[in-house]
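Structural overview for review
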Amino acid sequence: MNGIQKKKAMRVMDMTQGSPIKLMLAFAIPLFIGNIFQQVYSMVDTMVAGYNLGDDAIAAIGATSSLYGLIIDFASGLNSGCAIVITQRFGAHDEKKLKESIAGMIWIDAAVTAILTVLSLAFLRPLMRFMNTPDAILAQAYSYIAVICAGMAATIAYNLFAGILRAFGNSRTSLYFLIVSSLLNIGLDLLFVAVFSMGVAGAALATVIAQTVSAVFCGVYVFWHYRQLLPGKGDFGVSFELIGELFSNGIAMALMYCVVDLGSVIFQRANNALAETIISAHTASRRIIGIMMQPLATISTASSTFVGQNWGAKKPERIRMALRQVMGMEIVWSLFGCAMIFAFGSALVRFTTGTSDSAIIDNAVMSLRWHLAFFPALGCLLVLRTAMQAMGRKTAPILSSCIELGMKLLSAAFLIPRLGFFGTSITEPVTWTLMLLFLAAAFFAQRKKLFLQAESE
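The rules we used
- Residues numbered from 1 in each chain as written.
- Predicted model: local features only at pLDDT ≥ 70, side-chain atom pairs only at ≥ 80, totals over all residues.
- Heavy atoms only, no water.
- Helix = DSSP H or I, 4+ residues; strand = E, 2+ residues; numbered from the N terminus.
- Rg over C-alpha atoms; globule rule 2.2 N^0.38 Å.
- Buried < 20%, exposed > 50% of the residue type's maximum accessible area, 1.4 Å probe, protein only.
- Contact = heavy atoms within 4.5 Å.
- Areas by Shrake-Rupley, 256 points an atom, 1.4 Å probe, with all protein chains shown as cover.
- Lys, Arg positive; Asp, Glu negative; His and termini not counted.
- Charge placed at Lys NZ, Arg CZ, Asp CG, Glu CD.
- Salt bridge = Lys/Arg side-chain N within 4 Å of Asp/Glu carboxyl O.
- Patch = residues over 30% accessible without salt bridge, like charges linked within 9 Å, V, L, I, M, F, W, Y side chains within 5 Å.

1. Re the overall build of the protein chain
The helix and strand tally for the protein chain stands at 17 helices and 0 strands. At 21 Å, the protein chain has a C-alpha radius of gyration in line with the 23 Å of a compact globule built from 457 residues. For the protein chain, the spread of C-alpha atoms along the three principal axes comes to 65 × 45 × 35 Å. When the 457 residues of the protein chain are sorted by exposure, 58% land in the buried category. Long-range contacts, defined as pairs at least 24 residues apart, comprise 85% of the intrachain contacts of the protein chain with a sequence gap of at least 6. Surface exposure of the protein chain reaches about 17800 Å², of which carbon and sulfur atoms provide 68%. Across the protein chain, the centroid of the 33 positively charged side chains sits 9 Å from that of the 24 negatively charged ones.

Printed below as a string of structure tokens:
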């Protein structure tokens, strides 16, 4: 009996057998709670800054959020793409290739961490100038994002270990560590900002320390409980062929994320030119949208793991069944979230920021209502995109992201200068709809060929 077969002893979940919906819910619920706690990092930074430092501090944090997203999403996208290969090896019960794939993922992550850290710190100030960061908040914004970028190794390390756990079907363990680190982040935020008066740099430092704790705990757990599935010294001599497979999957996912985030940087640049009040409104709405989006992202991630394992096990009928069920779940949550925002949007903005500025509140609520009204389209889009990636179909997801990049560029050039924050608020909802139409057409056009291929391999 090999290491993969000893499932109970090592707390893994084989999704190639049993009820798809039960398996995905069992996987998704801990992942959802973990994602919510991960969102607490940025939410608490905003809240502590708003209540203790004022609206300019909120704007300083928000002004660089898309830039940091571009940097870190490249790395996390690379990890997610590599994890697809690991998920497929796990589903196929190929222990030797599983270990080699994890070794290759570690090599790639180490190189990416070093390169991104150096480049981000070297070009941070020119990038902030390019993004039209207002002079009034430039110093605060730089002090925040510089600390975050300097500590990105912790975030990448956590994503590495969490990606390995998810590939094995274990979404619970990383949750426990996120809860601990999130509570630590709250305490350190209050200590550094409210007590030590370290400003927004203190909020960033609290985030980095908390992420480091999470990464260390998660890494120790993986090495302690999954030693039989982890690579030994002999497994790190990874072949160029496997590195190529890992990198092609990783870079496809990373490019998909980066195309989206590059558009967000241009988008943020256009917003930064509007005013500090609009930046604060945009920051507040993005924080709440991020929280409300977590069920959609979690369900699509669970679906991706399910699809990856069953694709490796050559069970396409289970994939068909799961996709239908997951789409229904995404739509139900989207409708619920939309009702919540229309009923309690203003209260959520006040609670999140501590602001009483009516311009900030009104603009943030407008943005929230437009975005949440189109969440059903976003949910279906996320499911299709991650499922196609898990089945090795990279081109259409990347092209769909190019549509998003194009729409954000057009919005930054024409809509936002003419319509102001209303142009910002409608850009993503319209973009999600166009991306979904394109991706659905691509999926259904090759669906029969895809599933026949899986059955014959």
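Picking up where we left off.
2. Re the environment of Leu 116
Along the chain, Leu 116 turns up in helix H5 (residues 95–122). Aside from chain neighbours lying at most four places away, what touches Leu 116 is Ile 71, Phe 74, Ala 75 and Met 152.

3. Considerations on the pattern of salt bridges
For the structure shown, the criterion picks out 8 salt bridges. Linking Glu 100 and Lys 96 is a salt bridge whose minimum nitrogen-to-oxygen distance equals 2.6 Å. Remark: Lys 96 and Glu 100 occur in helix H5; sequence separation between them is 4 residues, near one turn of the helix. Classification of Glu 100 as buried rests on a relative accessible area of 19%. Among the salt bridges present, the one from Glu 404 reaches Lys 408, with a minimum N-O distance of 3.0 Å. Here Glu 404 pairs with Lys 408, and both are found in helix H16 (residues 395–419), just 4 residues apart, close to one helical turn. For the pair formed by Glu 404 and Lys 408, the shared burial category is buried. Through salt bridges that share partners, Arg 286, Glu 404, Lys 408 and Glu 428 make up one connected network.

4. Points about a nonpolar patch on the surface
A cluster of nonpolar side chains, contributed by Leu 191, Val 195, Phe 196, Met 198, Leu 205 and Ile 209, occupies part of the molecular surface with about 470 Å² of accessible area. By the element assignment, Leu 205 lies in helix H10 (residues 199–225).

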